[in-house]
Amino acid sequence: MNNPGKIKEFDVAIIGAGPSGVAAAIKLAKSNLTILLIDSNEQVGGQIYKATPKEIAKKILIKEHDIQLNFQNEIFKYKNLNYQPNFTVWQISENFRIDAFNNDTTKTWYAKKIIVANGTHERVIPFKGWTEPGVIGLAASTIIFKSQQILPGKKIILAGSGPLLLASANYALKLGAEIIGIIDLKSKIEWIKILPNLFYNKKLMLDGFLWLTKIILKKIPIYSSSIIQSANRINSDTLEIQVSHLTSKKITNLQSNILCVGYGLIPQIDFSKLLNAKHIYNQDLGGWIPELTPYYETSIKDFYQVGDASGIMGAIPAYTKGNIAALKILFDLNKVGGEDFEKQTKTYFNQINQYKVFAKGIATISNPPSDLYELIDPSEVICRCEDVTKKEIIDATNLGAKNINQLKSWTRCGMGPCQGRTCGETASHIMARTAKIQTEDTGYLTGRAPVRPVPLHLAVGEYDYDKITKIEAAPL
Amino acid sequence: MNKNVKIIINNEVYEATEGRSVALELFSKNFHHLRNSPKLKQKRGFFCMIGSCQECLITIDDKKMLACTTKIKEGMKIELYE
């Protein structure tokens, strides 16, 4: 369906108001182009600079709040920048029609160019009891501490891998948490090995060291080379957690109110999949990402993907990526001259390159080895939406399903409301290990709208009963 | 200053902080179990906090909504376990 002509068409629509989306929006808004910035949160900043809800008093102050405030101030300076908070995009069509909804209404826009900057979701590797209420994501815990400013429970266990363990511990301590233990998949030696990479960003490395110092001074136990074996609720506010050492197999029993587990982040590719862009598999960048030009344009013309959604590198490179996509658009529309374009491009590319070594270090310390998927018990639920167990995935693979979409039609794995965001990668690893093929050879789940569940009356929007073409009943 | 408002959870009145995530407010009141999974009827609670995983879908004011991304408002009516 083409634009009937009454719906506003923007020069550029940006989806996601985290660092990358905001950077692109501001750079583009400085021209006379009409810009649309859509975001599902009530304030800009994305998840990394997540704002505290307006009604809630800040108990702890962190530097993320200052950055968020700067974004918020900047975004309202431009009359040609239309910012639409609280709207979740559920569909982008081939003609760049964008459909979004909030709690009680729906909106449709058209755009000549689209920049997707919708970030990531979390990688959680299943274990016995991972579906138990009280077990949440590790990145989820940082969002709670930063934005909600309360502890979901006083006694906290943090598990998984990467720098989020330290960041989350730091926020939790500021809120007065009692951290029972930090369960790190990686060993101390593995951390030391990435130190040369971390030196490429001394500021962030220093942050990490300060967090670690605080953890050591508070005498918080760190269980290195260890994973969660099981979580089990023993009473209304207590979980019993079994921690297993990867090599010695020694089990430690701990108790907490909440368990936060995460093994890094996965780029969100819902929209690039929906438009059938080409995708490539890059483990260091978080798995499947759209194939991109150096200016972050996908294989679909005028459709860009930036920020961590184009490969996990962190918030600062995300900002630069947003600027690069915006610069390319400005150049293509003759808003920036060739010489200026070359000069700015060089600066931005240098900034990205500087971060590549650092990001590689973070990826190395965050990425789980694929044999971790062997440790999942066959009875464990992998697809939470449709209750598909590991055994069902293995059985389907042994029966001949080699592709994740085949697995989906045979077992319903990935068919539920989360669209396979939670289980897709895990299912791929299990299939690959069962069939003895590469993980990327199992493919990725086909993109389907709605990418977020949308109430039917909102999906229908303003389309009325009267608009239905009624056909005369055939004479009997 | 945080403002306390009255909300209704499963027909009982509770005090809650205006603006806070419904998921967090429920968790702090020991409502960990928000819904059951479709086939195995496992207990499920909030999980991702960003509206991705859909685990915290509950009934708020007679509408299906995600507890994690919905804010507490005065008089809000919440129903759990269906």
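Before reading on, note that the structure itself is shown above.
Below you will find a few notes about this structure. No experiment lies behind these values; they were computed from the predicted model shown.

**Side note on the overall build of chain B**
Helices and strands together make up the secondary structure of chain B, namely 1 helix and 7 strands. By the compact-globule yardstick of 12 Å for 82 residues, chain B fits well, its C-alpha radius of gyration being 12 Å. Across its three principal axes, chain B shows a C-alpha extent of roughly 40 × 25 × 20 Å. One way to put it: in chain B the 14 positive side-chain charges average out to a point 6 Å from where the 10 negative ones average out.

**Things to note about the overall build of chain A**
Across its full length, chain A carries 14 helices and 21 strands. Computed over C-alpha atoms, the radius of gyration of chain A comes to 23 Å, within 12% of the 23 Å expected from 2.2 N^0.38 for 476 residues, which places it in the range of a compact globule. Summarising its shape, the C-alpha atoms of chain A cover approximately 70 × 70 × 45 Å along the three principal directions. Here chain A holds 476 residues, and 59% of them are scored as buried.

**A few points about the interface of chain A and chain B**
Listed as interface residues are 41 residues of chain A and, on the opposing side, 34 residues of chain B. Approximately 3200 Å² of surface area, both sides summed, lies buried where chain A meets chain B, with 55% of it carried by carbon and sulfur atoms. The interface formed by chain A and chain B includes 5 salt bridges. Note that Arg384(A) and Glu55(B) form a salt bridge whose closest N and O atoms lie 2.5 Å from each other. Along the contact surface separating chain A from chain B lie 17 residue pairs in polar contact (both at pLDDT 80 or more). Listed by contribution, the elements that provide at least two residues to the side of chain A that touches chain B are strand 7 (120-122), strand 8 (135-137) and helix 3 (138-148) of chain A.

**Some thoughts on the packing of helix 11 (residues 390-398) of chain A against helix 12 (residues 404-411) of chain A**
All names here are of chain A. Relative to each other, helix 11 and helix 12 sit at 115 degrees, their axes nearing to 10 Å. Classified by the angle between their axes, helix 11 and helix 12 sit roughly perpendicular to one another. As helix 11 runs across helix 12, the sense of the crossing is right-handed. Between helix 11 and helix 12, the residues in contact are Glu-392, Ile-393 and Ala-396 and Leu-407, Trp-410 and Thr-411, respectively.

**Observations regarding the nonpolar core**
Ranked by size, the top nonpolar core spans 50 residues in total, and within it Ile156(A), Ile179(A), Val22(B), Leu26(B), Phe46(B), Ile58(B) and Ile78(B) carry the most contacts. The leading source of residues in this core is helix 4 (residues 164-174) of chain A, at 7 residues. In contact with Ile156(A), other than residues within four places in its own chain, are Phe145(A), Leu151(A), Ala172(A), Ala177(A), Glu178(A), Ile179(A), Ile180(A), Gly181(A), Ser256(A), Ile258(A) and Cys260(A). Formed by 45 residues, the second largest nonpolar core is a distinct cluster that contains Phe127(A), Ala159(A), Tyr223(A) and Cys53(B).

**Observations concerning the pairing of strand 1 (residues 4-9) of chain B**
All names here are of chain B. Covered by surrounding structure in strand 1 are Val-5, Ile-7 and Ile-9 only, the residues Asn-4, Lys-6 and Ile-8 on the alternate face being uncovered. Pairing analysis gives 6 bridges linking strand 1 to strand 2 (residues 12-17), with the strands arranged antiparallel. Paired with Val-5 across the bridge in strand 2 is Ala-16. The turn linking strand 1 back onto strand 2 is made up of 2 residues, and Asn-10 within it adopts a positive phi angle of 45 degrees. Where strand 1 lies against strand 7 (residues 77-79), 2 bridges are found, and the strand directions are parallel. Along strand 7, the bridge assignment pairs Ile-9 with Ile-78.

**Observations concerning the side chain of Glu380(A)**
Residue and element names in this part refer to chain A. As for its placement among the helices and strands, Glu-380 is situated in the loop between helix 10 (338-366) and strand 20 (381-383). Lys-128 provides the closest opposite charge to the buried, salt-bridge-free Glu-380, at an N-O distance of 5.5 Å. With sequence-adjacent residues up to four places away left out, Glu-380 is seen in contact with Pro-126, Phe-127, Lys-128, Gly-129, Trp-130, Val-388, Thr-389 and Lys-390.

**A look at the sheet that holds strand 12 (residues 226-235) of chain A**
Residue and element names in this part refer to chain A. The strand order 12-13-14 describes an open sheet built from 3 strands, whose pairing is antiparallel. The sheet is open, and its two edges are formed by strand 12 and strand 14 (251-256), each paired on a single side. Ignoring which end each strand starts from, the neighbouring axes of this sheet average 25 degrees apart. Summarising the sheet, strand 13 (residues 238-245) and strand 14 pair through 6 bridges and their orientation is antiparallel. The residue of strand 14 that forms the bridge with Glu-240 is Gln-255.

**Observations regarding helix 2 (residues 63-75) of chain A**
Here helix 2 of chain A is 13 residues long and its end C-alpha atoms lie 19 Å apart, about the 18 Å a rise of 1.5 Å per residue gives. Every buried residue of helix 2 of chain A is listed here: Glu64(A), His65(A), Gln68(A), Phe71(A), Gln72(A), Glu74(A) and Ile75(A).

**Remarks on the environment of Ile227(A)**
As for its placement among the helices and strands, Ile227(A) is situated in strand 12. Measuring from C-alpha to C-alpha, the distance between Ile227(A) and Ser244(A) comes to 5.5 Å, with 17 residues separating the pair along the chain.

**As for the side chain of Lys50(A)**
Residues and elements named next belong to chain A. Assignment of secondary structure puts Lys-50 in the loop between strand 2 (35-38) and helix 2. For the buried Lys-50, which has no salt bridge, the nearest side chain bearing the opposite charge is Asp-39, at an N-O separation of 7.5 Å. For Lys-50, the side chain forms a polar contact with the side chain of Gln-47, separated by 3.3 Å. Sequence-distant contacts of Lys-50, defined by excluding residues within four places in its chain, comprise Asn-41, Gly-45, His-65, Ile-143 and Ser-147.

**Section: the environment of Glu339(A)**
With respect to the helices, strands and loops of the structure, Glu339(A) is situated in helix 10. Residues Glu339(A) and Lys202(A), spaced 137 residues apart in sequence, show a C-alpha to C-alpha distance of 32 Å.

Conventions used here
- Residues numbered from 1 in each chain as written.
- Chains lettered and ligands numbered in written order.
- Predicted model: local features only at pLDDT ≥ 70, side-chain atom pairs only at ≥ 80, totals over all residues.
- Heavy atoms only, no water.
- Helix = DSSP H or I, 4+ residues; strand = E, 2+ residues; numbered from the N terminus.
- Rg over C-alpha atoms; globule rule 2.2 N^0.38 Å.
- Lys, Arg positive; Asp, Glu negative; His and termini not counted.
- Charge placed at Lys NZ, Arg CZ, Asp CG, Glu CD.
- Buried < 20%, exposed > 50% of the residue type's maximum accessible area, 1.4 Å probe, protein only.
- Contact = heavy atoms within 4.5 Å.
- Buried area = accessible area lost by both parts, 1.4 Å probe.
- Salt bridge = Lys/Arg side-chain N within 4 Å of Asp/Glu carboxyl O.
- Polar contact = N/O pair within 3.5 Å; in protein donor to acceptor, adjacent residues only side chain to side chain.
- Axes fitted to C-alpha atoms, helices over the stretch in contact; angles between N-to-C directions.
- Parallel < 35°, antiparallel > 145°, perpendicular 65-115°, else oblique.
- Left-handed = near helix turned anticlockwise from the far one by under 90°.
- Core = buried A, V, L, I, M, F, W, Y, C linked by side-chain atoms within 4.5 Å.
- Pairing = 2+ DSSP bridges.
- Expected span 1.5 Å × (residues − 1).

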